[in-house]
Amino acid sequence: MSLRIGFGFDVHQLKKGLPFWIGGINIPHDKGGLGHSDADVLIHAICDALLGSLNLGDIGTNFPDTMSEYKDIDSKILLKKVYSLIEKNSYSIGNIDCTICLQEPKISPYIPEMKKAILTCINLNENALSIKATTTEKLGYVGNKEGVSAYAVALVERIK
């Protein structure tokens, strides 16, 4: 197949006093993501979408939390490694569409900076990366400000 689609989802618990990394940037907030790496849900969802598109497993399979080399790792490094797997398999990224689910803080002002950070890791035109944000209308763990989640879909195309 020349075109393939992948889907990614990630969630992290929010805890007071931790840095809040999302989309490759640190956003000022009193809470941050709890995780083995930097807990960047957006980049993790993108990684899973790209890996899934080529049936290459998921982020946990490729970068297990049982390995100390991934403890507190910058997720942009993981995205670069995933991108190299895409290229190694003779594919390129067509586009990526993402949604971040977060009650607060409002992150729309940070989306251009997130795009820049992500695009430094992958060879993609800025117009081919969509990042959106939504709340859950105060419902569930996101609405209760206990967690953050992100969804991503990616289209990849075989390099001819």
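Residues numbered from 1 in each chain as written. Predicted model: local features only at pLDDT ≥ 70, side-chain atom pairs only at ≥ 80, totals over all residues. Heavy atoms only, no water.

Draft legend 1. Local environment of the sheet that holds strand S1 (residues 3-16). What the five strands build is an open sheet, ordered S4-S1-S7-S5-S6; its pairing is mixed. The outermost strands of the open sheet, each flanked by one partner alone, are strand S4 (31-34) and strand S6 (129-134). Adjacent strand axes in the sheet meet at a mean angle of 25 degrees when their direction is disregarded. As defined by bridge partners, S1 adjoins strand S7 (residues 147-158) across 11 bridges and the pair is classed as antiparallel. Bridge pairing in S7 links Gly-8 to Ala-152. Here helix H1 (residues 41-53) sits on the sheet in contact with S1, strand S5 (91-101), S6 and S7, set at roughly 155 degrees to S1. (Pairing = 2+ DSSP bridges. Helix = DSSP H or I, 4+ residues; strand = E, 2+ residues; numbered from the N terminus. Axes fitted to C-alpha atoms, helices over the stretch in contact; angles between N-to-C directions. Contact = heavy atoms within 4.5 Å.)

Draft legend 2. How the structure looks around helix H3 (residues 75-88). When the terminal C-alpha atoms of H3 are compared, their 20 Å separation across 14 residues agrees well with the 20 Å that a helix rising 1.5 Å per residue should span. Those residues of H3 that fall on the buried side of the exposure criterion are Ser-75, Lys-76, Leu-78, Leu-79, Val-82, Tyr-83 and Ile-86. The buried residues of H3 all sit within an arc of 150 degrees when viewed along its axis, so they share a single face. Looking at the buried positions of H3, the neighbouring elements they touch are H1, helix H2 (59-62), S5, helix H4 (111-119) and S7. Two or three places before Lys-76, at the start of H3, stands the capping residue Asp-74, its side-chain oxygen 2.8 Å from that residue's backbone nitrogen. The first or second residue beyond H3 is Ser-90, which carries a positive phi of 65 degrees. (Expected span 1.5 Å × (residues − 1). Buried < 20%, exposed > 50% of the residue type's maximum accessible area, 1.4 Å probe, protein only. Arc of directions from axis to C-beta. Polar contact = N/O pair within 3.5 Å; in protein donor to acceptor, adjacent residues only side chain to side chain.)

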